[in-house]
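Here are the chains, one letter per residue:
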Amino acid sequence: MTIDDDAVLAARARDGDSPAFVELVGRHQDRVFRFVLRMIDSRDDAMDLTQETFMKAWQAMPRWRPEARFGTWLLQIARNGALDLLRRRGVVGFEPLQPDAPFEDRSPGPERQLRIRQRYALLDLALRQIAVEHREVLLLREVEGLSYAEIAVALDIAEGTVKSRIARARAALLEQHRRIGGENG
Amino acid sequence: MIEPCPGLEDLSAYVDGELPAAVHARIAAHLAGCTACAARHAELAQLRVAFASLPDERLGFDLSQVVRGRIEALPTRRATGRRSRWRAMDWRGWLPMGAAAIASLSLGLVLGTSLVAPVVVAPAISPLQVFAPVAPGGLCPGLGSCWRPVATPRQLP
């Protein structure tokens with residue numbers, strides 16, 4: 001999958017070519033799902049939201065412009081949907097710390113694997129407990145690998161703001177990670 | 001002489017490779033000689049590694065077929081541009097306009113033909129017949145009582 005291929009397919013989809021759009025869905029479904037899952041922390045809601053993201057994208061395709069990278073544009077729609085859902089849940093903003101929240105151990109195994117899973121779980125938990133604006137910017141950077149310029153487009157903020165927000169988000173995540181790690185071990 | 005310690009923003013952007021080359025080189029040189037900044041940098045770098053090793057979450061089914069079905073169930077999307085919009089309009093879109101045209105043509109036809117309608121011949125009734133002993137259309141009591149010359153048919157205006 002290349003960005004150029006995406007642009008060609010997106011241009012065809014913009015002109016009403018639904019098979020081209022369906023091809024794009026296949027290419028980007030896991031990426032969108034992964035992002036919204038970590039944003040809203042509910043697998044069922046993430047599945048619904050992923051589907052709705054693509055339906056909204058289809059409706060909005062006539063407004064897509066080739067200057068916008070399709071994947072980034074899609075994440076922007078997904079992010080708006082995730083924020084709407086979090087607002088309905090009333091959790092947008094800084095979520096209070098939950099020091100007693102247990103971390104999830106999904107499949108017990110050998111000791112080493114357990115330690116690795118615990119580390120993932122700690123990071124997941126810490127990620128869920130930082131502010132949404134920090135979480136989203138870290139996910140876009142660390143998981144989706146977007147550049148600062150692309151994040152600026154996706155979040156509709158200045159590139160300088162991206163730089164400072166990522167730095168603050170990392171500091172918040174490290175602090176939270178230390179606190180949870182200290183409480184659990 | 002060692003440079004002053006970089007701020008967190010620059011150190012974070014350094015980890016991301018988002019700094020101009022000159023600034024990047026300067027921070028790299030600083031990190032080589034400052035243990036405090038090197039420890040801070042290591043922490044940020046470790047965070048990146050932790051993110052990279054997070055499990056790769058997948059949707060687990062082919063969403064494209066679901067989306068295809070939903071798109072097909074939608075009304076035809078209007079494409080951008082004036083020409084495209086006309087092209088996208090199928091024959092059902094023209095039905096109301098066609099029905100209106102047929103109705104107005106029919107109405108015009110009816111009104112037009114009424115102006116050139118065939119001459120209606122009024123029944124021949126003399127003005128004095130209202131005083132006749134037998135009402136128009138009534139039965140004659142005798143042959144002589146009903147015998148009158150027939151008036152010439154008169155055209156209605």
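Residues numbered from 1 in each chain as written. Chains lettered and ligands numbered in written order. Predicted model: local features only at pLDDT ≥ 70, side-chain atom pairs only at ≥ 80, totals over all residues.

(A) Local environment of the overall build of chain A. Looking only at helices and strands, chain A features eight helices and zero strands. The N-to-C order of helical and strand elements in chain A reads α-α-α-α-α-α-α-α. Counting all 185 residues of chain A, 37% fall into the buried class. In chain A, the share of contacts with a sequence separation of at least 24, taken over all contacts with a separation of at least 6, comes to 65%. (Helix = DSSP H or I, 4+ residues; strand = E, 2+ residues; numbered from the N terminus. Buried ≥ 20, exposed ≤ 12 C-beta atoms within 10 Å, placed from the backbone. Contact = placed C-beta atoms within 7 Å.)

(B) Main features of the overall build of chain B. Of the regular secondary structure elements, chain B holds seven helices and zero strands. N-terminal to C-terminal, the α/β element order of chain B is α-α-α-α-α-α-α. Looking at chain B residue by residue over its 157 residues, the buried ones come to 8%. Counted over contacts in chain B with a minimum sequence separation of 6, partners at least 24 positions apart contribute 53%.

(C) Structural context of the interface of chain A and chain B. Counting from both sides, the interface comprises 33 residues of chain A and, opposite them, 28 residues of chain B. Of all the elements in the fold, those that place two or more residues in the side of chain A that touches chain B are helix H2 (18-40), helix H3 (43-60), helix H5 (111-129), helix H6 (132-143) and helix H8 (159-184) of chain A. The dominant element in the side of chain A that touches chain B, judged by the number of residues it contributes, is H2(A), at nine residues. Classifying every residue of the side of chain A that touches chain B gives 18 nonpolar, seven polar and eight charged. (Nonpolar A, V, L, I, M, F, W, Y, C, P; charged D, E, K, R; others polar.)

(D) Inspection of the environment of Ala13(B) at higher detail. By the secondary structure assignment, Ala13(B) is in helix H1 (residues 8-16). A C-alpha to C-alpha distance of 9.0 Å links Ala13(B) and His24(B), two positions 11 residues apart in sequence. Not counting the four nearest positions on each side in its chain, Ala13(B) is found in contact with Lys163(A), Glu18(B) and Leu19(B).

(E) Structural view of H1(B). Along H1(B), the residues that are buried comprise Leu11(B), Ser12(B), Ala13(B), Tyr14(B) and Val15(B). Two residues or fewer after H1(B) comes Gly17(B), characterised by a positive phi angle close to 70°.

(F) Main features of the packing of H2(A) against H3(A). Residues and elements named next belong to chain A. One can describe the packing of H2 onto H3 by two numbers: an axis separation of 8 Å at closest approach and a directional angle of 135°. The angle between H2 and H3 falls in the class oblique. The handedness of the crossing between H2 and H3 is right-handed. Residues Phe21, Val25, Gln29, Val32, Phe33, Val36, Leu37 and Ile40 of H2 pack against Arg43, Asp45, Ala46, Leu49, Thr50, Thr53, Phe54 and Trp58 of H3. (Axes fitted to C-alpha atoms, helices over the stretch in contact; angles between N-to-C directions. Parallel < 35°, antiparallel > 145°, perpendicular 65-115°, else oblique. Left-handed = near helix turned anticlockwise from the far one by under 90°.)

(G) Broad picture of the confidence of the model for chain B. All names here are of chain B. Of the residues in chain B, 59% have a pLDDT of 70 or more, and the chain-wide mean is 76. At the low end of the mean pLDDT range in chain B sits helix H5 (residues 82-88), at 44; at the high end sits H1, at 96. Counting interchain partners and residues more than four positions distant, the pLDDT-below-50 stretch residues 79-89 has 10 contacts. In the predicted assembly, ipTM is 0.78 and pTM is 0.67. (pLDDT = per-residue confidence, 0-100.)

(H) The arrangement of the packing of H3(A) against helix H4 (residues 70-89) of chain A in detail. All names here are of chain A. Contact geometry for H3 and H4: axes closest at 9 Å, N-to-C directions at 130°. Judged by the angle between their axes, H3 and H4 are oblique. Read as a crossing pair, H3 and H4 show a hand that is right-handed. Contacts from Asp45, Leu49, Glu52, Thr53, Lys56, Ala57 and Ala60 of H3 reach H4 at Leu74, Ile77, Ala78, Gly81, Ala82 and Leu85. Classifying every residue of the contact of H3 with H4 by side-chain character gives eight nonpolar, two polar and three charged.

(I) Local environment of the environment of Asp48(A). With respect to the helices and strands, Asp48(A) occurs in helix H3. For the pair Asp48(A) and Val36(A), spaced 12 residues apart in sequence, the C-alpha separation works out to 10.0 Å.

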